[in-house]
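Each chain, written out:
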Amino acid sequence: MSGIIGDNTGRGTGLIKAAGGGDFVKLGAVTASGSSTVAFDGLYTSAYNIYKIYGSKLLPATNSQDLTYQVNISNSAHSTAEYVYGSGKSYIDSSPTHYWVTGMASDFDNPHTAVTLSNDTQLWDANHAGTFEMTIYDPLSTAAWKIISTRWSFSDASFQSYYNNLLVKNTAANTGVTIKYASGNVASGVFTLYGLTV
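Residues numbered from 1 in each chain as written. Predicted model: local features only at pLDDT ≥ 70, side-chain atom pairs only at ≥ 80, totals over all residues. Heavy atoms only, no water.

A. Here's a closer look at the overall build of the protein chain. Along the protein chain, the regular secondary structure elements total 0 helices and 15 strands. Of all 198 residues assigned to the protein chain, the portion counted as buried reaches 47%. If you take every contact in the protein chain between residues at least 6 apart in sequence, the share linking residues at least 24 apart comes to 76%. Of the accessible surface of the protein chain, which amounts to about 8900 Å², a share of 53% is contributed by carbon and sulfur atoms. (Helix = DSSP H or I, 4+ residues; strand = E, 2+ residues; numbered from the N terminus. Buried < 20%, exposed > 50% of the residue type's maximum accessible area, 1.4 Å probe, protein only. Contact = heavy atoms within 4.5 Å. Areas by Shrake-Rupley, 256 points an atom, 1.4 Å probe, with all protein chains shown as cover.)

Here's what the structure looks like:
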């Protein structure tokens, strides 16, 4: 089973006035329940140049999993080794001796086939549900490599927040994004996609 929202679903569902004169327009939403992936595809248009995805209540169906994602090109998850990214992690445990440490990363000359947002795994208990925020810049551009910024937070025996910046070394237009856990299904999660005019 896959949670996916397509081009003709969820339009006209709301307009939220944002600070600074731009408009956030809700383009679609997905509620995951035992879903292999969560995907937004076919919703990017020339009307918006920045997109936001917000996620809450995220839990893996299999214990101790890392959240990952790929961009979509031509309506499919792009699995070519073109993902260059770095992460910083805010980490607080019961006896904190470190607060900011290095997270997951890939070398510019040795890109990965997907983005792994965490290097410590999320538990599947309801009280460890995660939150997610992604900013996607100019996905339809065919002139530049793509840039995406993500924040991903959850708790296990500690509280962790990952701040990730991605460069996709490909100028092809993106059609969406596919989110999933490294193994197993997405047990729960509510995701909403907005378009932003700036």
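We are not done yet, so read on.
B. Representation of the environment of Leu 43. With respect to the element layout, Leu 43 can be found in the loop between β4 (38–41) and β5 (50–60). As a C-alpha pair, Leu 43 and Leu 27 span 16 residues in sequence and 6.9 Å in three-dimensional space.

C. Structural context of the environment of Tyr 51. With respect to the secondary-structure elements, Tyr 51 resides in strand β5. Judged by relative accessible area, Tyr 51 falls into the buried class, the value being 0%. Measuring from C-alpha to C-alpha, the distance between Tyr 51 and Met 134 comes to 8.1 Å, with 83 residues separating the pair along the chain. Those residues within four positions of Tyr 51 in sequence are excluded, and the remaining contacts are Leu 27, Leu 43, Tyr 44, Thr 45, Met 134, Thr 135, Ile 136, Pro 139, Leu 193, Tyr 194 and Gly 195. Reaching out from Tyr 51, the side chain makes a polar contact with the backbone oxygen of Tyr 48 at a distance of 3.4 Å. (Polar contact = N/O pair within 3.5 Å; in protein donor to acceptor, adjacent residues only side chain to side chain.)

D. Here's a closer look at the nonpolar core. The biggest cluster of nonpolar side chains holds 35 residues, and the ones touching the most others in it are Ile 53, Tyr 69, Phe 132, Trp 152 and Phe 191. Contact partners of Tyr 69, with chain neighbours within four places excluded, come to Ala 114, Val 115, Leu 117, Met 134, Ile 148, Thr 150, Asn 164, Leu 166, Val 177, Thr 178 and Ile 179. (Core = buried A, V, L, I, M, F, W, Y, C linked by side-chain atoms within 4.5 Å.)

E. Focus on the packing of aromatic side chains. Here the structure, examined in full by the defined rule, presents 8 aromatic pairs. Centre to centre, the rings of Tyr 48 and Tyr 51 are 6.0 Å apart; their planes meet at 80°, and the pair counts as edge-to-face. For Tyr 48, a relative accessible area of 17% puts it in the buried group. Taken together, a centroid distance of 6.0 Å and an interplanar angle of 75° make the contact between Tyr 54 and Tyr 194 edge-to-face. Taken together, the positions of Tyr 54 in strand β5 and Tyr 194 in strand β15 (residues 186–197) put the pair 140 residues apart, joining distant regions of the chain. By relative accessible area, Tyr 194 is classed as buried at 15%. A cation over a ring is seen here: Lys 169 above Phe 108, with NZ or CZ 4.2 Å from the ring centre. (Phe/Tyr/Trp six-rings, centres within 6.5 Å; stacked < 30°, edge-to-face > 60°. Lys NZ or Arg CZ within 6 Å of the ring centre and 35° of its normal.)

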